[in-house]
Amino acid sequence: MLDHLRVVTSRADRREYVQDRLRSEGALVWRLLDSGAYVYVCGGQALRDGVRRAFVDVLEAHGSMPREHAEAYLHELEYTQNRYRPDLWG
C-alpha cells in the first residue's frame with residue numbers, strides 16, 4: 001500500500017532537489033522509516049551522494065543518532081533490509 005508519495009523535480013519551472021525535500025520533511029521521513037517504510041529514489045547518478053547525505057542528516061537529527069550510527073542505519077536499510085532503494089542512471 002502506498003501511503004506517501006513525494007515528487008520532486010529539478011528540471012521544472014519550480015526547481016526543487018530531493019535532498020532539500022528530505023531535510024525539510026525530516027520529521028516525517030524519520031517517522032516513516034522508524035515504522036518500517038520503504039523509500040524509492042529515482043534520478044541521475046549525481047543525485048546519489050547528496051541524497052545519502054540528506055538521509056544521514058535526517059537520521060542524525062530526528063532519529064537522535066550519532067552520525068556513524070546514522071550511516072550504518074542507512075547502509076542496513078539499503079543493503080540488508082532493502083527498504084532504501086535508489087534507482088539511479090548515468
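You'll find the structure just up there.
The model shown is predicted, which means the values in this text are computed figures rather than measured ones.

**Section: the packing of aromatic side chains**
Working step 1: Per the counting criterion, the structure on display carries two aromatic pairs.
Working step 2: Judged by centre distance (5.8 Å) and plane angle (55°), the rings of tryptophan 30 and tyrosine 73 are tilted. Within this pair, whereas tryptophan 30 is found in helix H2 (residues 26–34), its partner tyrosine 73 is found in helix H4 (residues 67–80), the two being separated by 43 residues in sequence.
Working step 3: Taking the centre distance of 4.9 Å and the plane angle of 65° together, the rings of phenylalanine 55 and tyrosine 84 count as edge-to-face. Taken together, the residues span a long stretch of sequence, with phenylalanine 55 in helix H3 (residues 47–62) and tyrosine 84 in strand S2 (residues 84–89) at a distance of 29 residues.

**Observations regarding the pattern of salt bridges**
Working step 1: Applying the stated rule across the entire model yields nine salt bridges.
Working step 2: We note a salt bridge from arginine 6 to glutamate 25, for which the minimum N-O separation is 2.9 Å. On the criterion of sequence distance, the pair formed by arginine 6 in the segment before helix H1 (18–24) and glutamate 25 in the loop between H1 and H2 is long-range, its members being 19 residues apart.
Working step 3: Measuring nitrogen to oxygen at the nearest pair gives 3.1 Å for the salt bridge that ties glutamate 78 to arginine 48. Residue glutamate 78 is found in helix H4, and its partner arginine 48 is found in helix H3; the two are separated by 30 residues along the sequence.

**A few points about the packing of H3 against H4**
Working step 1: Relative to each other, H3 and H4 sit at 120°, their axes nearing to 8 Å. Judged on the interaxial angle alone, H4 and H3 are oblique. Here H3 runs over H4; the crossing is right-handed. Along its contact with H3, which presents Arg48, Arg52, Arg53, Phe55, Val56, Asp57, Leu59 and Glu60, the element H4 presents Arg67, Ala70, Glu71, Tyr73, Leu74, Glu78 and Tyr79.
Working step 2: Looking at the contact of H3 with H4 residue by residue, the class counts come to seven nonpolar, no polar and eight charged.

**A short note on a nonpolar patch on the surface**
Working step 1: A surface patch of nonpolar side chains, about 360 Å² in accessible area, is lined by Leu2, Leu5 and Val7.
Working step 2: Examined against the element boundaries, leucine 2 turns out to sit in the segment before H1.
Working step 3: In this structure leucine 2 comes out as exposed when scored by relative accessible area, which is 63%.

What counts as what
Residues numbered from 1 in each chain as written. Predicted model: local features only at pLDDT ≥ 70, side-chain atom pairs only at ≥ 80, totals over all residues. Heavy atoms only, no water. Phe/Tyr/Trp six-rings, centres within 6.5 Å; stacked < 30°, edge-to-face > 60°. Helix = DSSP H or I, 4+ residues; strand = E, 2+ residues; numbered from the N terminus. Salt bridge = Lys/Arg side-chain N within 4 Å of Asp/Glu carboxyl O. Axes fitted to C-alpha atoms, helices over the stretch in contact; angles between N-to-C directions. Parallel < 35°, antiparallel > 145°, perpendicular 65-115°, else oblique. Left-handed = near helix turned anticlockwise from the far one by under 90°. Contact = heavy atoms within 4.5 Å. Nonpolar A, V, L, I, M, F, W, Y, C, P; charged D, E, K, R; others polar. Patch = residues over 30% accessible without salt bridge, like charges linked within 9 Å, V, L, I, M, F, W, Y side chains within 5 Å. Areas by Shrake-Rupley, 256 points an atom, 1.4 Å probe, with all protein chains shown as cover. Buried < 20%, exposed > 50% of the residue type's maximum accessible area, 1.4 Å probe, protein only.

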